[in-house]
Amino acid sequence: MSEAAHPSSGSTAATSSTSSELELIEQLKPQLAGPLFAAVNDQFSHLQNTVLSYQNKLQYAELKIRVLEERLRLARIAKYGPGSEKLSDAQLELLELEPGVSSVEVQAESERPAVQPSTKTKRKHPGRQELPANLPRVERVLTCTPEQCVCPGCGKETVVIGHEESSQLDVEPAKYFVLVSKREKRACKSCEDHGVVSAPLPPRIIEKCLASDQIVIDTVVSKYCDHTPLYRQSAILERDTGLELSRATLDGWVLRVGELLIAMVSAMRRELISGTYIQADETPVDVQMHEGRGKNHQAYLWQYSRPGGTVVFDFRLGRGRDGPKQFLGQFEGLLQTDGYAAYDQIGGPKIVYAGCWSHAERYFSEAVQLNPQDPVATAIVARIDELFAIDAEARGQGLNVEARHALRQQQSRPLLGVIRKQIEIAHSAALLGGALAKACNYTLTLWDKLTRFLDYPELELSNNLAENSMRPVALGRRNWIHIGSAQAGPKIAAILSVVESCRRLKLPVRDYLAAVLPGLADLPIQRLPGLTPSAWVARRS
């Protein structure tokens, strides 16, 4: 550890220097007259203060250089990818001089040193994967050739004694067709005064729309499940059908679906708030504001969910506390989030705040990225991994919440004591402002929230499920880039809420939308709680 990392080393040197100067002054005192001695003494004091000032500035400069070097290395690792974690600072500096370097070159450079043989045992191949049993089976019988139908020995015709079967996943390409609906008209020939009656039309998602409900649903699913932007879908329809439908037309379909689902998502929100456990996270999304500035506004999609249950996205133009405060209302259950301060001081008086161990481990992993040989950060990451391994063991054994709680009390509680002690020791010696100090500060500040899982059996160790629900948004941003207007934000959030809830609940989103959307606008609001994705699954289980 350098002197810059320990201010006490610099102060020790200054103290020894000061003591030698004091001895010299004491020797000169009897030999010099009073005024002359005072002048010399003042000059020594001035020189001493100057030296201490420069020593302090040098110490601060060294600390600042180390912090900036850490930040620069993290930025280079983020730029060149995971392979660059193995490279030294000198190698990374050389990469900066080659602006056209590819990820393949970075990976090749990182693999140049000899790699030690792995000690991991090779996993046995699980074998041929079974095809889903719920898919329909279409049989194709392959007959033998005429030569095979005759016995080569006696020349008589052979008989079929069985079949050898093999199965493959197949697909029938989409077939577009025009659905012609003929409504039956009836009239009484004897009573002409009663007029003519026609068969009623089934409810539709968009009345008088050129496309059927299935085409509208396919457009929504393609955009928010498969991340296909509308201009590509428009081109696909024109290629496969010859019908030119503009992106604006498809956009109108999507916004209409989102408008219909807003009321459904309100019921989903009430369902979520009435529970006892919510995970929350947020992610930025660009919005066109049409203000003539030529720039998008950075809005946010806030995600609230229960593990394995309902997911609700809430669109907000900002990242302030007003968003979660209005959404959660007087919620008094468990709220698990990262360390963002906007989640504090919201909800009801009995709300319980919980932290995320994945975020804590992420900070320590950054310190390991900066210095893979750092024994302190590496040891802390290993202990946190053991914490996750305990819960993984519970999942592997299929333990219920109560049994997992008992396992945590037996193994996780003592392990937390070890982790805290390691972090406190690391914090006392860490470089001020460095990655390790940042990790220690984050974890120790949120320690009460991070250890809340010991008291609440249903609480997960991390907020990873909530972050996973953000991935479709992150993938979508790369394709559809932004939301078209602030007014469209809540409609898009409603679609994402239903799509992600169906994914979590393993509910086919096409089937759900096809069953719920037609006639939804005319449905009494009292019936909506029985049509949410979770209620839909519960009713069919």
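One numbering rule holds for all chains: residues counted from 1, following each sequence as written. Residues qualify for local features only when their pLDDT is at least 70, as the model is predicted, and side-chain atom pairs are given and counted only at 80 or more; totals for whole chains, interfaces and linings, by contrast, use all residues. Each side-chain value is worked out from all heavy atoms of the structure, with water and hydrogens disregarded.

### Details of the sheet that holds strand β4 (residues 297-305)
Two strands qualify as a pair provided DSSP detects at least 2 bridges between them. Only DSSP runs of H or I covering at least 4 residues are called helices, and only runs of E covering at least 2 are called strands; the numbering of each starts at the N terminus. Strand order in the open sheet formed by 5 strands is β5-β4-β3-β6-β7, with mixed pairing between adjacent strands. Bordering the open sheet on either side are β5 (311-316) and β7 (352-354), each of which pairs with just one other strand. Strand-to-strand twist of the sheet, defined as the mean angle between neighbouring strand axes without regard to direction, takes the value 30°. Bridge count between β4 and β5: 6 bridges; the pairing is antiparallel. Each residue of the ladder has a partner; that of Tyr300, found in β5, is Arg316. The axes used here are C-alpha line fits, helices contributing only the stretch in contact, and every angle between their N-to-C directions lies in the interval 0 to 180 degrees.

### A word on the confidence of the model for the protein
Detailed conclusions should not be drawn from predicted coordinates in areas where pLDDT is low. As a per-residue measure, pLDDT reflects the predictor's confidence and takes values from 0 up to 100. Per-residue pLDDT for the protein averages 84, and the proportion of residues at 70 or more is 81%. Whether two residues are in contact is decided by their heavy atoms, any of which lying within 4.5 Å being enough. For residues 1-15, every residue scores under 50 in pLDDT, and the model assigns this stretch 14 contacts once sequence neighbours within four places are set aside.

### Regarding the nonpolar core
Across soluble globular proteins, you tend to see nonpolar side chains buried next to one another. Counting 68 residues, the largest nonpolar core has Tyr224, Leu261, Met264, Leu335, Tyr512, Leu513 and Leu517 as its most contacted members. Residue contributions to this core peak at 11 residues, all from helix α7 (residues 247-273). Residue types Ala, Val, Leu, Ile, Met, Phe, Trp, Tyr and Cys, when buried and joined through side-chain atoms within 4.5 Å, form a set referred to as a nonpolar core. Buried, partly exposed and exposed residues are distinguished by accessible area as a fraction of the type maximum, computed with a 1.4 Å probe on protein chains only: under 20%, between the cut-offs, and over 50%, respectively. Core analysis: the second largest hydrophobic core is formed by 36 residues, Trp357, Ala430, Leu459 and Leu461 among them.

### Describing helix α11 (residues 401-429)
Relative to the 42 Å expected for 29 residues at 1.5 Å per residue, α11 spans 39 Å between its end C-alpha atoms, a close match to the ideal helical length. For a residue, the bend is simply the angle between two axes, fitted respectively to the seven-residue segment ending there and the seven-residue segment starting there. Of all the bends in α11, the largest measures some 40° and sits at Arg408. Those residues of α11 not exposed but buried are Arg404, Leu407, Arg408, Ser412, Leu415, Leu416, Ile419, Ile423 and Ala426. Those residues of α11 hidden inside the fold are in contact with α9 (357-370), α10 (375-396), α12 (435-445) and α13 (447-450). A helix is expected to span 1.5 Å for every residue after the first.

### Structural notes on the state of the cysteines
The definition used for a disulfide is geometric: two cysteine sulfur atoms within 2.5 Å. By the definition in use, this model includes 0 disulfides. Looking at the unpaired Cys149, the closest cysteine sulfur is the one in Cys144, lying at 5.5 Å. We note that Cys502 lacks a disulfide partner, and the nearest cysteine sulfur, in Cys225, lies 8.3 Å from it. Residue Cys502 is classed as buried on the basis of its relative accessible area, which comes to 1%.

### A few points about the side chain of Glu282
Within the secondary structure layout, Glu282 lies in strand β3 (residues 277-287). For Glu282, a relative accessible area of 10% gives the class buried. Polar contacts involving the side chain of Glu282 include one to the side chain of Arg319, which spans 2.7 Å. Side-chain polar atoms of Glu282 contact the side chain of Tyr343, separated by 2.4 Å. Those residues in contact with Glu282 that sit more than four places away from it in its chain are Tyr300, Leu301, Trp302, Arg319, Asp338, Tyr340, Tyr343 and Met470. For the purposes of these results, a polar contact is taken to be a pair of N or O atoms within 3.5 Å, where, inside protein, one atom must be able to donate a hydrogen and its partner to accept one; residues adjacent in sequence count only when each atom of the pair is a side-chain atom.

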